[in-house]
Amino acid sequence: MAAVSGLVRRPLREVSGLLKRRFHWTAPAALQVTVRDAINQGMDEELERDEKVFLLGEEVAQYDGAYKVSRGLWKKYGDKRIIDTPISEMGFAGIAVGAAMAGLRPICEFMTFNFSMQAIDQVINSAAKTYYMSGGLQPVPIVFRGPNGASAGVAAQHSQCFAAWYGHCPGLKVVSPWNSEDAKGLIKSAIRDNNPVVVLENELMYGVPFEFPPEAQSKDFLIPIGKAKIERQGRLPRSSAHWNEVELKTL
């Protein structure tokens, strides 16, 4: 009570100065977005932007996707652009490749990339090689996406990582985002690309939230495919920079 009464007796200027010294404000918390919602947001924006874009795969429509990545898209865009398929990867991957050759921009979801082995001929021999074999006359703007790699309790048929498999196939671009910003920026770039792009997502990361910077919230946000992204700006130690400078002068 003595401390309070002492504050009351002081002039207002002194009291406000004391409060400023003892209390501080923290910066507002950054927006947190899960990887799942970032991919959903990216596909939603591209579906809205370009009517040639459509999504097909098992349970992607009325069930909102096996991992809820396509949540809400069927209600927004309807049966013609969000298409549930039979359990036949070879069949619906072939439909998607043909649609891409005809000028559309399909997003072909595999419930897990382990099952893309059922459609490997369509992915490699049809999608990946057509642009080269046509002498650059026939682009195939298609995205193959879905969960890839090990997860929790999914046994042998859902646990392989196919990054090296697809990364060694000429004609394919392969991306594997890890945080929400990368997931949105890369899925949008993949959809706009005129070449087949394999987007390898990680099931364990779907529900993980990451800070989502203001620029990533823009509908125009893209992360270029094939260009290195600087996660954190750094600098060489003085000794290293000195020797690099010496080497450059020598050259």
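Structure shown above.
The following refers to the structure shown. (Residues numbered from 1 in each chain as written. Predicted model: local features only at pLDDT ≥ 70, side-chain atom pairs only at ≥ 80, totals over all residues. Heavy atoms only, no water.)

### A few points about the side chain of S116
Inclusion rule: Only DSSP runs of H or I covering at least 4 residues are called helices, and only runs of E covering at least 2 are called strands; the numbering of each starts at the N terminus. Relative accessibility under 20% of the residue-type maximum defines a buried residue, over 50% an exposed one, and the middle range a partly exposed one, all with a 1.4 Å probe and only protein chains included. The definition of a polar contact used here is a pair of N or O atoms within 3.5 Å, where within protein one atom must be able to donate a hydrogen and the other to accept one, and adjacent residues in sequence count solely through side-chain atom pairs. Contacts between residues were defined by any pair of non-hydrogen atoms, one from each residue, lying within 4.5 Å.
Within the secondary structure, S116 sits in the loop between β4 (105–109) and α6 (120–133). Here S116 falls in the buried class, since its relative accessible area comes to 0%. One polar contact links S116 to Y166, side chain to side chain, over a distance of 2.7 Å. The contact partners of S116, leaving out residues within four places of it in the chain, are F110 and Y166.

### Quick look at the packing of aromatic side chains
To describe a pair of aromatic rings, you give the distance between the ring centres and the angle between the ring planes. As a reminder, the rule being used: Under the pairing criterion, centres of Phe, Tyr and Trp rings, with the six-membered ring standing for Trp, must be within 6.5 Å; the plane angle then separates stacked pairs below 30 degrees from edge-to-face pairs above 60, leaving the rest tilted. Only when the NZ atom of a Lys or the CZ atom of an Arg is both within 6 Å of the ring centre and within 35 degrees of the ring normal do we say a charge sits over the ring.
Considering all chains together, one arrives at eight aromatic pairs under this definition. Geometrically, the ring pair formed by F110 and F144 is stacked, given 6.0 Å between the ring centres and 5° between the ring planes. With F110 in the loop between β4 and α6 and F144 in strand β5 (residues 143–147), this pair connects stretches of sequence that are 34 residues apart. Of the two residues, F110 and F144, neither departs from the other in class, the shared state being buried. An aromatic cluster of at least three residues, connected via ring pairs, comprises F92, F110, F113, F144, F162, W165 and Y166. Directly above the aromatic system of Y63 lies the positively charged group of K68, at a separation of 3.4 Å from the ring centroid.

### Digging into the packing of helix α3 (residues 35–49) against helix α8 (residues 180–192)
Note the following rule: Note on method: axes are straight lines fitted to C-alpha atoms, helices fitted across the in-contact stretch only, with angles between N-to-C directions ranging 0 to 180 degrees. Comment on the angle field: the value is read as roughly parallel under 35 degrees, roughly antiparallel over 145, roughly perpendicular from 65 to 115, and oblique elsewhere. Should the near helix be turned anticlockwise from the far one by less than a right angle, the crossing is left-handed, and should it be turned clockwise, the crossing is right-handed.
Two elements in contact, α3 and α8, have axes whose closest approach is 8 Å; the angle formed by their N-to-C orientations is 30°. When the interaxial angle is binned, α3 and α8 end up roughly parallel. α3 and α8 meet at a crossing whose hand is right-handed. Judged by residue contacts, V35, A38, I39, Q41, G42, M43, E45, E46 and R49 of α3 engage S180, A183, K184, I187, K188, I191 and R192 from α8.

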